[in-house]
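# Chain and residue survey
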Amino acid sequence: MSNPQIILEKLGEVLDRDLTSIEIIPGDWSHWASTAASPEPTPSSSFPFLLVEGNLGVPHKVAHRLYIDAANFPRREEACAWDEAEVSTVLQKTAIILIVNPAHQTALNTRKTLINQRRYAADKELRFAELLLRGIKACAKESALWTHRRWCLHYIHGPISDHTDTAHTPSLAQSPLAPFLPPEAVPCEFATVKEAVTIYPRSYHAWAHWRYVFDLSCALIASTSAPIEERQAYSKVVVEEFRGLRKWIETHTTDTSAVHHLVTSLPSLWGLTSSNSVSSDARESMATESSPSKLAKEAWCLLSAFQPHRETNWIYLRSLLVFLPAEERRVYSERMSNLDVPWAKIGRTYDHIMPPLNN
Amino acid sequence: MSTSELLIPLHVSYIQKLGENKDDLTYHLTSHLRLNAVYWGLTALAIMGRQDALDRNEMIEFVMSCWDEEAGGFGAHPGHDAHLLATLSGIQILVMQDAMERLDVDRVAKFILSLQQPSGVFAGDAYGEIDTRFLYCAVNALSLLGRLGDLDVKKTVGYIKSCRNFDGGFGASIGAESHAAQVFVCVAALAILGRLDEVDVDTLGWWLAERQLPNGGLNGRPEKLEDVCYSFWVLSALSILKKVPWIDAEKLTAFILSAQDPEGGGIADRPGDMVDVFHTIFGVAGLSILGYPGLVDLDPVYCMPAEVIEAKGLRKDWQALPRREK
């Protein structure tokens, strides 16, 4: 491979382009040399990457060789003294570090420092983080990278607390760096989560990000200070997303994370079904999508359809019981007690822990 | 060599060799958690009765080389930014090496306390990632420093309470799903703060016991794979709740032992995978809680030798399985 610094500069040039995806691909550049896609350069020792129609593949061995050269990047305390060339070098080095190791906190902090100093654009970093989260397994699961994304969103859009009183939504109030999202930014966040949990199933921090965005959207729908057209836009996205989550659970029958977030989001939706800040059409859609009886019926269909029964479907129905009218609860409890499953303790209903309805 | 017993000499040798080759890619790839790794290695050695296997002075100097003078905390590696994860590990190492006189306690306590957010949670560093892991790091560290009295306990406990889910478990933040590692940090923090009354012991104990899979290993969430590290996260929480007998100890012991590398030493996440020092400490820690013969008692709240914690007057009311004779 040619001089690592020259290769990193080439990588920097590619990352400056409007890429569609970033992935780590197997092997070395030589394994991909026959995969040419004009007008992009063929992988070679001087351009050891695969670039096809905006999709960047960084060969695994190339990434690791570059990592060793990039590892000792300058400390961010010296950033004020860096000229433009040094800033570019630091961005290139920290980029390859994060492609391989998204948990490198110091690399993330250095890029934040450059954004704060206005020497690097936050929206470019947002796009870079999005591509990593969507394209690389290790990135999709990494909490530091999801937080870094929210930091960029906060930098661009400001805090959620400037737009609504977060006192009634603890998940929004827990961090002073909780970002606001205008309605047009919300679909990208949900889409990024979905891709992340596709390449890394059950990504804990991807789902936590989903939850943040969903709670934010619900809070802004309920906020009378938000313009009505914005509330309508959030409503549309929330209904579509909740509907999509129900379908996700049907097709991902071991995804307990999705079940957790669907069930624990129900009180937020129910709160909106009685809110005057929501149009009657939206209220009706929300009520239909979040009907406990309807969800329980779906959960029972899933639970009874698979042999052996899936633990996730069991948990899904189990966690809905507390929301059902007494007779429905009794019927499902009896059906569940007749199933041959290794999970016991059906008697516990969690009533004493569940939040009250219409909270 | 058989993996039906704990291969202590091999694991000691494995830990001693870590970091020998500073040109190795793995060495660079793990620099962002180096100080944590030193703590994991030291604690594993201590539980195996071989704390002397690594040079004390060299270790203390490495810890101090990770001090971030600007922030007043420890980073994971020289030149890395201070973070609560590394700060706790640095403090734990200095405690275990009886070298606390090297630490500016006032400064590091100030750094830790500065990271508490109005909601009660702690950020890991000045850039604001929040997680109940960092809350535990702060509580543990302040306890070891003797500075727990400076903490707003009510606010801290209030935040943990808001992370409790309907299944009795705890998540990384408000609204996040229950996860065994987050359960450990929340339960252990509550134990240090004397507030285990906030735990539904039976419900959580059952959820933890359900982490055991037919092969004896433990997972961290429903429908996930078994992983040796949950031998610590789950078992320590059960130990604090005094429910260790709720899991099948024999099967779990066999699972942990099967994840050893019988040639080079070390323990992996599951049998056949590559070993690392993270899974080595948590495998050994799990075996200690299970009463495996020949090991030193581990304090599950602090994940440090029990004797060290008792000497500081910090022991809480936990219960491990009795140590079996060899």
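Basis of the calculations
Residues numbered from 1 in each chain as written. Chains lettered and ligands numbered in written order. Predicted model: local features only at pLDDT ≥ 70, side-chain atom pairs only at ≥ 80, totals over all residues. Heavy atoms only, no water. Helix = DSSP H or I, 4+ residues; strand = E, 2+ residues; numbered from the N terminus. Buried < 20%, exposed > 50% of the residue type's maximum accessible area, 1.4 Å probe, protein only. Contact = heavy atoms within 4.5 Å. Areas by Shrake-Rupley, 256 points an atom, 1.4 Å probe, with all protein chains shown as cover. Lys, Arg positive; Asp, Glu negative; His and termini not counted. Charge placed at Lys NZ, Arg CZ, Asp CG, Glu CD. Domains from an automatic or database assignment. Buried area = accessible area lost by both parts, 1.4 Å probe. Salt bridge = Lys/Arg side-chain N within 4 Å of Asp/Glu carboxyl O. Nonpolar A, V, L, I, M, F, W, Y, C, P; charged D, E, K, R; others polar. UniProt positions renumbered as here; feature names shortened; annotations may be inferred. Pairing = 2+ DSSP bridges. Axes fitted to C-alpha atoms, helices over the stretch in contact; angles between N-to-C directions. Left-handed = near helix turned anticlockwise from the far one by under 90°. Parallel < 35°, antiparallel > 145°, perpendicular 65-115°, else oblique. Phe/Tyr/Trp six-rings, centres within 6.5 Å; stacked < 30°, edge-to-face > 60°. Expected span 1.5 Å × (residues − 1). Arc of directions from axis to C-beta. Polar contact = N/O pair within 3.5 Å; in protein donor to acceptor, adjacent residues only side chain to side chain.

### Here we look at the overall build of chain B
The secondary structure content of chain B amounts to 14 helices and six strands. If you line up chain B on its principal axes, its C-alpha atoms span 50 × 45 × 35 Å. In chain B, which comprises 326 residues, the proportion classed as buried is 63%. Put simply, of all contacts in chain B between residues at least 6 apart along the chain, 67% involve residues at least 24 apart. Summing over all exposed atoms, chain B offers an accessible surface of approximately 11600 Å²; the carbon and sulfur share of this is 51%. Between the averaged position of the 28 positive side-chain charges in chain B and that of its 44 negative side-chain charges there is a distance of 5 Å.

### Structural notes on the domain arrangement of chain A
Residues and elements named next belong to chain A. According to the domain assignment, chain A contains domain 1 (1-120), domain 2 (121-287) and domain 3 (291-359). Facing the 22 residues of domain 1 at the interface are 19 residues of domain 2. At the boundary of domain 1 with domain 2, total buried surface from both sides reaches about 1800 Å², with 66% on carbon and sulfur atoms. Taken together, domain 1 and domain 2 are joined by two salt bridges. One salt bridge in this structure joins Lys 124 and Asp 16, with 2.8 Å as the shortest N-O distance. Top element by residues in the side of domain 1 that touches domain 2 is helix H4 (residues 105-116). It accounts for six residues. A class-by-class count of the residues in the side of domain 1 that touches domain 2 yields 12 nonpolar, four polar and six charged.

### Remarks on the environment of A:Leu272
Residues and elements named next belong to chain A. Secondary-structure assignment places Leu 272 in helix H12 (residues 256-273). Given a relative accessible area of 3%, Leu 272 falls into the buried group. In contact with Leu 272, not counting residues within four places along its chain, are Cys 218, Ile 221, Ala 222, Val 278, Arg 283 and Met 286.

### Quick notes on the UniProt feature "domain: Prenyltransferase alpha-alpha toroid" (unreviewed entry) in chain B
If you check UniProt for "domain: Prenyltransferase alpha-alpha toroid" (unreviewed entry), the listed places come out as residues 9-304 of chain B in our numbering. Annotation note: span residues 9-304 of chain B, helix share 48%, strand share 4%, distance between end C-alpha atoms 20 Å.

### A short note on the sheet that holds strand E1 (residues 21-25) of chain A
Residues and elements named next belong to chain A. Pairing is mixed across the open sheet formed by three strands, whose spatial order is E1-E3-E2. The outermost strands of the open sheet, each flanked by one partner alone, are E1 and strand E2 (50-52). On average, adjacent strands in this sheet sit at an angle of 20° to one another, irrespective of strand direction. Bridging between E2 and strand E3 (residues 55-59) involves three bridges; their strand directions are antiparallel.

### Let's talk about the packing of helix H3 (residues 34-47) of chain B against helix H13 (residues 277-289) of chain B
The description of two packed helices rests on the angle between their axes and on the distance between the axes. Residue and element names in this part refer to chain B. Closest axis-to-axis distance for the H3/H13 pair is 9 Å, and the angle between their directions is 35°. Between H3 and H13 lies a crossing of left-handed hand. Residues Ala 37, Trp 40, Gly 41, Thr 43, Ala 44 and Ile 47 of H3 form the contact with H13, whose participating residues are Val 277, Phe 278, Ile 281, Phe 282, Val 284 and Ser 288. Here the residues of the contact of H3 with H13 sort into nine nonpolar, three polar and no charged.

### Regarding the packing of helix H2 (residues 60-70) of chain A against helix H3 (residues 84-100) of chain A
Residues and elements named next belong to chain A. The geometry of H2 relative to H3 is characterised by a closest axis approach of 9 Å and an angle of 130° between their N-to-C directions. By the angle class used here, H2 and H3 are oblique. H3 is crossed by H2, and the crossing has left-handed handedness. Residues Ala 63, His 64, Leu 66, Tyr 67, Asp 69 and Ala 70 of H2 touch H3, and the partners they reach there are Lys 93, Ile 96, Ile 97 and Val 100. A breakdown of the residues in the contact of H2 with H3 according to their chemical character gives seven nonpolar, one polar and two charged.

### Examining the packing of aromatic side chains
Under the counting rule described, the total for this entry stands at 18 aromatic pairs over all chains. Where A:Trp207 meets A:Trp248, the ring centres are 6.3 Å apart and the plane angle is 75°; that geometry is what we call edge-to-face. Here A:Trp248 lies in helix H11 (residues 228-251) and A:Trp207 lies in helix H10 (residues 204-222), a separation of 41 residues in the sequence. With a relative accessible area of 0%, A:Trp207 lands in the buried category. Given the relative accessible area of 11%, A:Trp248 is considered buried. The interplanar angle of 80° and the centroid separation of 4.9 Å between the aromatic rings of B:Phe278 and B:Phe282 together place this pair among those described as edge-to-face. Of this pair, B:Phe278 and B:Phe282 are both found in helix H13, four residues apart, which corresponds to roughly one turn of the helix. Accessibility expressed as a relative area gives 24% for B:Phe278, which makes it partly exposed. Given the relative accessible area of 3%, B:Phe282 is considered buried.

### A word on H3(B)
For H3(B), which comprises 14 residues, the first-to-last C-alpha distance of 20 Å matches the rise-based estimate of 20 Å (1.5 Å per residue) to within 8%. Residue B:Gly49 follows H3(B) closely and has a positive phi angle near 80°.

### Section: helix H1 (residues 4-15) of chain A
All names here are of chain A. Taking 1.5 Å of rise per residue, 12 residues should cover 16 Å, and H1 covers 16 Å from first to last C-alpha, within 8% of that figure. Regarding H1, the residues found buried are Ile 7, Leu 8, Leu 11, Gly 12, Val 14 and Leu 15. The buried residues of H1 occupy an angular sector of 160° when projected down its axis, which confines them to one face. The inward-facing, buried residues of H1 contact E1, E2, E3, H2, H3 and helix H5 (122-135). Measuring from the backbone nitrogen of Gln 5 back to the side-chain oxygen at the start of H1 gives 2.7 Å, which picks out Asn 3 as the cap.

### Some details on the side chain of A:Arg149
Residue and element names in this part refer to chain A. With respect to the helices and strands, Arg 149 occurs in helix H7 (residues 143-157). Reaching out from Arg 149, the side chain makes a polar contact with the backbone oxygen of Leu 126 at a distance of 2.7 Å. Those residues in contact with Arg 149 that lie beyond four places of it in its chain are Leu 126, Ala 129, Glu 130, Leu 133, Cys 188 and Glu 189.

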